[in-house]
Amino acid sequence: MKKVLIGLGSLVAALFAALSAHAADTIKIGLILPYSGQFADTATQMDNAIKLYVKQHGDMVAGKKLEFIRKDTGGIAPPVAKRLAQELVVRDQVDVLAGFVLTPNALAASDVSVEAKKFMVIMNAATSIITTKSPYSTRTGVTIPQLNEAFGGWAFRHQIKTAYTMVSDYGPGHDAEGAFQRGFKDAGGRIVGSVRFPVANPDFSAYVQRAKDANSDAIYVFVPGGVQPSALAKAFAERGIDPHKTKILGQGELTDVGALKSMGDAGLGIITVLHYDYNHDSAMNKAFTAAYEADYKRTPDIYSIGGYDGMHLIYEAIKKTGGKTGGDSLIAAAKGMKWESPRGPISIDPETRDIVQTVYIRRVEKVGGELRNVEFDKVENVKDPVKARMK
């Protein structure tokens, strides 16, 4: 009996050693995304780019095989995001937490990143404060203030001296409004009025008339994607606002591909700011877009580029650590990293751990009979201004 027990003990020890060796040769990445629900398409676009990066660069890094574990939050669900992050860390023993389309989910998972000391790569969620919630987090997407404060300064420098702002009455709208107004006023511009309207099903006609009556050089707008950009553009046209005389300004979602198809010629002349568009003219972006379209039969977007660059950051951080996956090692490797992305040159600010990048100014024009966002200017080397002021 004793020999049997010794034999079993040896077998268990051998199995444990084998499992430990296997675990040591594997790096696990937990992706937390809204794979179902109203934000499912954003998750699809991001995950497509993650898969494309792995296809192009292989699933071995620093001699270790990457394993991906995907978790679905189903939408805006902070308690679910936190629970899934805990499960990934405790049960699945992941080395990296990544994904995060939505701010509330990213904030909730940040608590787990802190407690478990796990490297966390935020590939989209755009509220400025997120990366302050965990010293192990970094971002490869964008922040709303980064886009709009730079845009406000650009507007004044391009002969726009007065502006009226109209935004959706919720967190991102407030952030965009504050950032644009701050950048515009700091540059020397004057805000002649502002209004906030309901997020759900607003009737834009009265708000647009109020903006028209202000008689400003420009009207700045922030609305969520979906049907609202088209409805707003049509309301501007119905009220006789000519974007060639009164500039219509907004964040890139205002004239995304879907919105342009719906709004038609009412979108001509609208000027927006964004950090990425599949039409960006660079050899790297043309190759990226062609590969993405070949695999997924659609064009990449801002969620795609956040995922693609997020994978680049993870790969390069692991290479720099020689395969070490501790949170302290990986975040130290990420700080200050610079590379050429399909969107242009980007880097990770070593002090804030947030992305530094070029933001592009675009105007809706007809190209080959189709409406398109045409880049005609840019602001380079833009940091998140909120954290810059916190230093």
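Heads up: the structure comes first, above all this text.
Nothing here was measured: the structure is a model prediction, and the numbers come from that model.

Asker: Can you break down the pairing of strand E14 (residues 355-367) residue by residue, with the values?
Answerer: Where strand E11 (residues 271-274) meets E14, four bridges bridge the pair, whose relative direction is antiparallel. Each residue of the ladder has a partner; that of Ile 271, found in E14, is Arg 363. Inspection of the sheet shows strand E13 (residues 344-348) paired to E14 by three bridges, in the antiparallel sense. Bridge pairing in E14 places Ile 346 opposite Gln 357. Counting the residues that bridge the hairpin from E13 to E14 gives six residues, and of these Arg 353 lies at a positive phi of roughly 65°. Counting the residues between successive antiparallel strands, the hairpin from E14 to strand E15 (residues 370-382) contains two residues, one of them, Gly 368, with a positive phi of roughly 60°.

Asker: Go over the packing of helix H11 (residues 302-321) against helix H12 (residues 327-334) with me, naming the residues and quoting the values.
Answerer: Where H11 contacts H12, the two axes come as close as 8 Å, and the packing angle between them is 110°. The orientation of H11 with respect to H12, classified from their angle, is roughly perpendicular. Viewed along their axes, H11 and H12 form a crossing whose handedness is right-handed. Between H11, through Leu 313, Ala 317, Ile 318, Lys 320 and Thr 321, and H12, the contact on the second element is made entirely by Ser 329, Leu 330, Ala 333 and Ala 334. Here the contact of H11 with H12 is composed, by residue class, of six nonpolar, two polar and one charged.

Asker: Kindly report on the pairing of strand E4 (residues 96-99), identifying the contributing residues and their values.
Answerer: On E4, burial covers both faces: Val 96 and Ala 98 on one face and Leu 97 and Gly 99 on the other are all buried. Sheet topology note: the strand E1 (residues 26-33)/E4 ladder contains four bridges and is parallel. Bridged to Ile 32 within E4 is Gly 99. Strand direction decides the pairing type here: E4 and strand E5 (residues 119-122), joined by four bridges, are parallel. Bridged to Gly 99 within E5 is Ile 122. This β-α-β element, E4 to helix H4 (residues 103-116) to E5, shows right-handed connectivity.

Definitions and cut-offs
Residues numbered from 1 in each chain as written. Predicted model: local features only at pLDDT ≥ 70, side-chain atom pairs only at ≥ 80, totals over all residues. Heavy atoms only, no water. Pairing = 2+ DSSP bridges. Helix = DSSP H or I, 4+ residues; strand = E, 2+ residues; numbered from the N terminus. Axes fitted to C-alpha atoms, helices over the stretch in contact; angles between N-to-C directions. Parallel < 35°, antiparallel > 145°, perpendicular 65-115°, else oblique. Left-handed = near helix turned anticlockwise from the far one by under 90°. Contact = heavy atoms within 4.5 Å. Nonpolar A, V, L, I, M, F, W, Y, C, P; charged D, E, K, R; others polar. Buried < 20%, exposed > 50% of the residue type's maximum accessible area, 1.4 Å probe, protein only. Right-handed = clockwise from strand over helix to strand, strands pointing away.

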